[in-house]
Amino acid sequence: MSNCAAPWANSWIPPFAAGSKKNWRRRNKFAIAIGKGSTPSAGPDRRFACAFAAANPSGLSADVDGNNSLTENVGVPQEVKGDTDILIECRDVHKSFGEKQILGGVNFKIRHGEAVGIIGPSGTGKSTVLKIMAGLLAPDKGEVYICGKKRHGLVDDEEISGLRIGLVFQSAALFDSLTVRENVGFLLYENSSMTDDQIAEIVRENLAAVGLKGVEDRLPSELSGGMKKRVALARSIIFDNTKEAIEPEVLLYDEPTAGLDPIASTVVEDLIRSVHFKGDDAPGKITSYVVVTHQHSTIRRAVDRLLFLYEGKIVWEGMTHEFATSTNPIVRQFASGSLDGPIRY
Ligand SMILES: Nc1ncnc2c1ncn2[C@@H]1O[C@H](COP(=O)(O)OP(=O)(O)OP(=O)(O)O)[C@@H](O)[C@H]1O
């Protein structure tokens, strides 16, 4: 069983009502993928060895040669030179659906401490990249490395341990028939030996951390869109605090601010930052995160480095502040929203 927390699944959850943990377990006889591999099997040294080395103190992310600069020679597979701070690497990843090739050789690395945005035109494969990173989809060709280890299977890969990977879906993906408490505490109800009271308390704390109080007994249908996204965020950062050591976690957000008004977007963007930047004090040790977004405010506020995906490849990568001044015609067109340029709809 892997230590990589499986992402949230949403579409098939059987409808059931609230109840005790025992009933909960009985009702959930279907294997629920969420976090099923989160029980540590490796010792703390192994768990943290890959993640806590060489965090870049500048907050900038360097390319493979250590240059903190815009990288134009993208899309070329690069040799890992003993980079102990690389948490996730996609190497020459290809993916097609039917006859249609979506990804045609995607290469990038997510390092310890990074806040990375993936941007690009609609339908270009950004969500597909997140699903491949999370282990929900397998590449047709190419490899995904988790802490330097090649992933052979998907979320339940036996070989992979020491890093949890969570995916926060665009739709918030709350379970409609469960209360907010049950949604947020889902991982713990499923995987921990915590009591109902302990789980209720940690759920309350996590909801407070995202600015929500007194909503535990509500159903998702009783929440606004922004509240749902915050509940999804609370769910993504929950962890079993009775364990001695918590694996570092990379969180993958698929359009976390889509459909929100500007102020609600700011709240979510700051929350994404806050659970990351509090370091050891952060709930669940969110080591790094990746955000797929179209929103300029989210690009500016929530991420430091950008990967631009276009026609199946990363065609540009650089720091967020370089995005607006890039001379790359694809980036310029995208940043300005112009109809003139290489991107055709
Ligand atoms: N499971 C699937 N089966 C078939 N086609 C799929 C599947 N998943 C994605 N696609 C197709 O792959 C392409 C890329 O989809 P994806 O959702 O990754 O794009 P995206 O860049 O995230 O788009 P957007 O910005 O509009 O959310 C689309 O044409 C989509 O229809």
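Owing to the predicted nature of the structure, the values given are computational and were not obtained by experimental measurement.

(A) The arrangement of the overall build of the protein in detail. Regarding its fold elements, the protein presents 11 helices and 10 strands. Buried positions account for 44% of the 345 residues belonging to the protein. Considering only contacts in the protein between residues 6 or more positions apart, those separated by 24 or more positions represent 72%.

(B) Fine view of the site of the ligand. The environment of the ligand is formed by Phe97, Ile102, Ser122, Gly123, Thr124, Gly125, Lys126, Ser127 and Thr128. If you tally residues by element for the shell around the ligand, the top one is helix H3 (residues 126–134), at 3 residues. A breakdown of the residues in the shell around the ligand according to their chemical character gives 2 nonpolar, 6 polar and 1 charged.

(C) Main features of the sheet that holds strand E1 (residues 86–97). Ordered in space as E2-E1-E4-E5, the 4 strands form an open sheet in which the pairing is antiparallel. Taken across any chain shown, the strands that pair with only one partner, and hence form the sheet edges, are strand E2 (100–111) and strand E5 (149–150). Sheet topology places E1 next to E2; 9 bridges connect them, and they run antiparallel. Counted as the bridge partner of Ile86 is Arg111 from E2.

(D) Spatial organisation of helix H6 (residues 196–209). Here H6 spans 20 Å end to end across 14 residues, near enough to the 20 Å set by a 1.5 Å rise per residue. Residues of H6 that are buried include every one of Ile199, Ile202, Val203, Asn206 and Leu207, and no others. The arc that holds the buried residues of H6, viewed along the axis, is 140°, so those residues lie on one side. The outward face of H6, more than 90 degrees from its buried face, is lined by the exposed residues Asp197 and Ala208. Along its buried surface, H6 packs onto helix H4 (180–184), helix H5 (186–191) and helix H7 (225–236). Residue Gly211 follows H6 closely and has a positive phi angle near 80°.

(E) Just H3, in detail. The element H3 is extensively covered by neighbouring structure, given that 8 of its 9 residues are classed as buried. Of the positions making up H3, those classed as buried are Lys126, Thr128, Val129, Leu130, Lys131, Ile132, Met133 and Ala134.

(F) Structural detail: the sheet that holds strand E6 (residues 164–168). With mixed pairing, the 6 strands of this open sheet are ordered in space as E6-E7-E8-E3-E9-E10. For this open sheet the edge positions go to E6 and strand E10 (313–319), each flanked by a neighbour on one side alone. Direction aside, the axes of adjacent strands within the sheet are offset by 20° on average. For strand E7 (residues 249–254) and strand E8 (residues 286–292), the ladder comprises 6 bridges, and the chain directions are parallel. Its bridge partner lying in E8, Asp254 is registered against Val292. Each of strand E3 (115–119), E6, E7, E8 and strand E9 (305–310) touches H3; the most contacted strand, E7, lies at about 155° to it.

(G) Looking closely at unusual backbone geometry. In the Ramachandran plot, Cys147 falls in the positive-phi region, its phi being about 50° despite a non-glycine side chain. One can find Cys147 in the loop between strand E4 (141–146) and E5. At Glu311, a position not held by glycine, the phi torsion is positive, near 50°.

(H) Expanded view of the pairing of E4. As paired elements, E1 and E4 share 5 bridges and run antiparallel to each other. Looking at the pairing, His94 lines up with Lys141 of E4. Across 2 bridges, the pairing between E4 and E5 is antiparallel. Across the sheet, the residue bridging to Tyr145 is Lys150, located in E5. In textbook terms, the turn of a hairpin is the stretch between consecutive antiparallel strands, and for E4 and E5 this stretch comprises 2 residues, one of which, Cys147, has a positive phi near 50°.

(I) Up close: the environment of Ile110. Note that Ile110 resides in strand E2. Of the residues examined, Ile110 has 24 C-beta atoms within 10 Å and is grouped as buried. With 144 residues separating them in the primary sequence, Ile110 and Asp254 have C-alpha atoms 16 Å apart.

(J) The arrangement of the environment of Arg273 in detail. Its place among the elements puts Arg273 in helix H8 (residues 262–277). Taking the C-beta count within 10 Å as the criterion, Arg273 has 16 such neighbours and is therefore assigned partly exposed.

(K) Examining the confidence of the model for the protein more closely. Per-residue confidence for the protein gives a mean pLDDT of 72; residues scoring 70 or more make up 68%. Highest mean pLDDT in the protein belongs to E9 (96); lowest belongs to helix H2 (residues 44–49) (26). Within the model, pLDDT remains below 50 along residues 1–81, and this stretch shows 151 contacts once partners closer than five positions in the same chain are excluded. Scored by ipTM, the complex comes to 0.97, with pTM at 0.73.

Thresholds applied
Residues numbered from 1 in each chain as written. Predicted model: local features only at pLDDT ≥ 70, side-chain atom pairs only at ≥ 80, totals over all residues. Helix = DSSP H or I, 4+ residues; strand = E, 2+ residues; numbered from the N terminus. Buried ≥ 20, exposed ≤ 12 C-beta atoms within 10 Å, placed from the backbone. Contact = placed C-beta atoms within 7 Å. Near = placed C-beta within 6 Å. Nonpolar A, V, L, I, M, F, W, Y, C, P; charged D, E, K, R; others polar. Pairing = 2+ DSSP bridges. Expected span 1.5 Å × (residues − 1). Arc of directions from axis to C-beta. Axes fitted to C-alpha atoms, helices over the stretch in contact; angles between N-to-C directions. pLDDT = per-residue confidence, 0-100.

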